[in-house]
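One-letter residues, chain by chain:
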Amino acid sequence: MNKIVVTGGNGQLASCIKDVVLQYPQYNFAFKSSDELDISNRDEVHKLFEEERPIFCINCAGYTSVDKAESEPEKAIKSNVYGAHNLADACAENQVKLIHISTDFVFDGTKTVPYVEDDVVNPLGVYGETKLEGEMAIRERLREHFIIRTSWLYSEYGSNFMKTILRLGVEKEAIQIVSDQVGSPTYAGDLADTIIQIVNKNTDKYGTYHYCNQGSVSWYGFAKEILALYALDCTLVPILSEAYRTAAQRPAYSVLDQGKIETSFKLNIPEWKHSLGLAINKLKKIQVGQKMKKRV
């Protein structure tokens, strides 16, 4: 049986994977939420693998609260390090391939050209440190792995920058947005499609890869495009990072080079503005559906 286990089953990336897998009836997916599977619990992880007997595990679980991680590092370590460790061990013992999602936060943002997979890592905070330690745990324990670093992930599901900007755009007349941090927005729907393509290719091109949509932009520019596509009349005020202090320091430049993953798996990666338009249209359809349900 071609069983595939997806952890973090209620998150935005897993939700997008649920949409994509409708095109792949040859696989049987088991989506496990954090309530159903605590990846930091070794016994739970090994029991799941014994019961499901998967051929692939897609790890979408993890601690992603960048600022909170500074004050509660033990929670980030538990999920991002111990969780990765446990999944890698279970995959190794059961001959399962692992796709693990990591982050641009493993870099310090001092470059001015896109980061490639072999660039020196130097995380600026607890979140990036724990994600990096998770990567290392996987590499030490499991050869058959694909680590995919991504950046600025958003979708019509869950909580993310796109949905926050749309909410604020309705509630406020003006929003201050950081303009000196540059990265590449990534539509989770595109990443989900890429993940399942890698599964379906049944390849042994294991290793670390970068995936984000084509192009780069500042948070200010990203927000401006979000409001324009949704036709919201809200004033955006560009500010510098020093004027918007956060608990965790962010990399000033975290654009990822997608050349390796694009070539290795023969991908056609969309430009970020195109994918943002798709995400907003899907969100509008969801909102229309929700309004119709309320009327019934």
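Everything in this summary refers to the structure shown in the same document. (Residues numbered from 1 in each chain as written. Predicted model: local features only at pLDDT ≥ 70, side-chain atom pairs only at ≥ 80, totals over all residues. Heavy atoms only, no water.)

Observations regarding the sheet that holds strand β5 (residues 145–150)
1) Next: As summarised here, the arrangement of the six strands in space is β2-β1-β3-β4-β5-β10, forming an open sheet in which the pairing is parallel. Pairing within the sheet leaves two strands with one partner each, and these edge strands are β2 (28–32) and β10 (207–210). Strand-to-strand, the axes of this sheet are offset by a mean angle of 20°, without reference to chain direction.
2) Next: Relative to β5, strand β4 (residues 97–103) runs parallel, the two being bridged by six bridges. (Pairing = 2+ DSSP bridges. Helix = DSSP H or I, 4+ residues; strand = E, 2+ residues; numbered from the N terminus. Axes fitted to C-alpha atoms, helices over the stretch in contact; angles between N-to-C directions.)

What to know about the nonpolar core
1) Next: In this structure, Leu13, Ile17, Ile58, Ile99, Ile195 and Ile196 are the most contacted members of the largest nonpolar core, which totals 32 residues.
2) Next: Residue assignment for this core shows that the elements contributing at least two residues are β1 (3–7), α1 (12–20), β3 (56–59), β4, β5 and α6 (188–201).
3) Next: In terms of residue count, the dominant contributor to this core is α6 (seven residues).
4) Next: Contact partners of Ile99, with chain neighbours within four places excluded, come to Phe56, Cys57, Ile58, Asn59, Phe146, Ile148, Ile195, Ile198 and Val199.
5) Next: Counting 23 residues, the second-largest nonpolar core is a separate cluster that includes Tyr187, Phe222, Trp272 and Leu283. (Core = buried A, V, L, I, M, F, W, Y, C linked by side-chain atoms within 4.5 Å. Buried < 20%, exposed > 50% of the residue type's maximum accessible area, 1.4 Å probe, protein only. Contact = heavy atoms within 4.5 Å.)

Focus on the pairing of β1
1) Next: Taking burial as the measure, the five residues of β1 include five buried ones, the bulk of the element.
2) Next: Burial of β1 is two-sided: the residues Lys3, Val5 and Thr7 facing one way and the residues Ile4 and Val6 facing the other way are all buried.
3) Next: Pairing geometry for β1 and β2, over five bridges, is parallel. Bridging across to β2, Lys3 finds its partner in Asn28.
4) Next: What joins β1 to β2 is α1, and the crossover it makes is right-handed.
5) Next: In the sheet, β1 pairs with β3 via four bridges, with the strands oriented parallel. When the sheet's bridge partners are listed, Val5 is paired in β3 with Cys57. (Right-handed = clockwise from strand over helix to strand, strands pointing away.)

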